[in-house]
Amino acid sequence: MQSEAPPPDAYRAPVGTHDVLPPESARWEALVAAFAARARRFGYGLVMTPAYEHVEVFQRVGEGTDVVRKEMYEFEDKGGRRLALRPEGTAPVVRAYIQHRPTPPWKVWYLSPHFRHEKAQKGRYRQHHQLGAEVLGVDDPALDVEVISLAQGFLSSLGLSRFRLAINSLGDGQCRPGYLEALRAYLRAHESELCADSRARYETNPLRVLDCKDPGCVAVTERAPQLLEHLCADCKSHFEAVQAGLDAIGVAHEIAPRLVRGLDYYTRTTFEFASEALDSAQNALGGGGRYDRLAEEMGGPPSPGIGFGIGIERVLIACDAEAVLPAPAPHLDAFVVDAVGPTGVGGDPLGAAGVEVTALLAELRETGLSADRAYGGRSVRAQTKVADRSGARYVVLVGRAEMERGAVAVRDMDSGEQVEVPRNRVVAWLHEHCNPSLRDTTHRELGR
Ligand code: AMP
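Residues numbered from 1 in each chain as written. Predicted model: local features only at pLDDT ≥ 70, side-chain atom pairs only at ≥ 80, totals over all residues. Heavy atoms only, no water.

Peer 1: Would you mind going over the pairing of strand E10 (residues 284–290) with me for this structure?
Peer 2: Look at any regular strand and the pattern is simple: side chains alternate between the two faces of the sheet. In terms of burial, E10 is a largely internal element, 6 of the 7 residues being buried. Pairing geometry for strand E9 (residues 267–275) and E10, over 6 bridges, is antiparallel. Paired with Phe271 across the bridge in E10 is Gly288. Where E10 and strand E11 (residues 305–311) come together, 5 bridges link them in antiparallel fashion. What sits directly across from Gly287, in E11, is Gly309. (Buried < 20%, exposed > 50% of the residue type's maximum accessible area, 1.4 Å probe, protein only. Helix = DSSP H or I, 4+ residues; strand = E, 2+ residues; numbered from the N terminus. Pairing = 2+ DSSP bridges.)

As structure tokens, this is what we get:
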């Protein structure tokens, strides 16, 4: 029997996903390295959790949210277990905390793909990536300040300046129920002005209505009772301490009384970074908040927590809009050329010069320089063209005459100057010229 032809898009990345290729991927490297270095300076360790979890891990945290209700990629494995691809980053980290019981405060950061079956469009994907941080086990407003400034300073360090930080407090188990009652009563009185979605859920989840983008809902909720006016004394003083801490370290913020964020688990502090350089529908760069009851709700010991997630794709779109973080130009310390060139039909890459290129390249790379070559027995001219495009600082030419003298020619690609360097000195020579700090040390050491 003939097998069916695959659909025309079978060998394309699925809708809402994308490949990240060089040179664009160099921006990802730069961004992740900046975040990792910053997180390390703040005392956070890397945590890696599986791409999928038992479905309960996510159901527990967001039954009232679209992310869990409508968008989660759920499947049954061959053993009949219900699993879900990670739609968000906090629940798996809390699950890992409960499972391993590390000493609090447990401060971790992550980089992970997140999966949501959303309507794909620019800035909204079915697989997107987040850089995030979570702290578990200690309830201290100083941690809210630390976590917020970890995110804020990261965005600034990329060169972004047109973004705002909004903060709010969602109260806790003491003060929120009273507020929710007041909000429900208000929404009930305005039910006819709400969108169908909000009408269906305001009784069970009135906070979600504050989040709704429907113009009717926005108009209604503008006059709705505000949570900040209902905070209990503990939540109020926590929120004031967070604001004072942010002021003390110069992190500009504004209070957004309707900022509830999309997930069910938040308590007290919530925050969001919005870019002014992006369309308002997709301008959230990242956000997060406290989730002091989540660990307990997932069957663990009472353990307060706070964290955030920042969308990498979204941040890169904001970087484009602000013309910052360009893809770094290609760079190599050295490009090694077989200047004898191919001999005979199809070239002779393993002639004496070819062997020398291979050996020299290995020495350069193994001693820490970035170096490359051309492949395929190409002519000297063709190799030089590749060298030009490679962004190499120096081109090393392994030529017949130089080889006979036990030397190679080194061309400075900025000045065009060429010098002859003994073969047994060329690795050290390149180190000294490509790495000025090393040269300084070498000179200092020599001077001693
Ligand atoms: P959330 O987990 O919904 O709080 O999202 C955190 C951040 O991830 C957002 O502020 C966005 O930057 C990014 N993000 C969320 N959903 C998507 C998506 N579908 N596509 C691209 N980025 C997203």
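Peer 1: Just checking my understanding: could you explain the nonpolar core for this structure?
Peer 2: Within soluble globular proteins, side chains that are nonpolar generally end up buried alongside one another. In this structure, Val94, Trp106, Leu187 and Leu207 are the most contacted members of the largest nonpolar core, which totals 48 residues. Among the elements of the structure, helix H2 (55–62), helix H3 (66–69), helix H4 (90–100), strand E5 (106–115), helix H6 (176–189), helix H8 (206–211), helix H9 (215–222) and helix H11 (294–297) are those that each provide at least two residues to this core. Looking at this core, the element that brings in the most residues is H4, giving 6 residues. Once residues lying within four places of it in the same chain are set aside, the contact partners of Val94 are Leu136, Tyr291, Leu294, Ala295 and Met298. Listed in part, the 44 residues of the second largest apolar core include Val32, Tyr125, Leu131 and Leu246. (Core = buried A, V, L, I, M, F, W, Y, C linked by side-chain atoms within 4.5 Å. Contact = heavy atoms within 4.5 Å.)

Peer 1: Honestly, the site of the ligand in this entry has me stumped. Any pointers?
Peer 2: Around the ligand lies a shell of 14 residues, among which Arg116, Glu118, Tyr125, Arg261 and Ala284 are the nearest. The contact in question runs from an oxygen atom of the ligand to an N or O atom on the side chain of Gln130, over 3.2 Å. Within the backbone of Leu285, a nitrogen or oxygen atom sits 3.0 Å from an oxygen atom of the ligand. Against a free-state accessible area of 480 Å², the protein chains account for coverage of 90% of the ligand. Listing elements by their share of the shell around the ligand, those giving two or more residues are strand E6 (127–136), E10 and E11. Per-element accounting of the shell around the ligand gives the leading share, 3 residues, to E10. Partitioned by chemical class, the residues of the shell around the ligand number 3 nonpolar, 6 polar and 5 charged. (Near = heavy atom within 4 Å. Polar contact = N/O pair within 3.5 Å; in protein donor to acceptor, adjacent residues only side chain to side chain. Areas by Shrake-Rupley, 256 points an atom, 1.4 Å probe, with all protein chains shown as cover. Nonpolar A, V, L, I, M, F, W, Y, C, P; charged D, E, K, R; others polar.)

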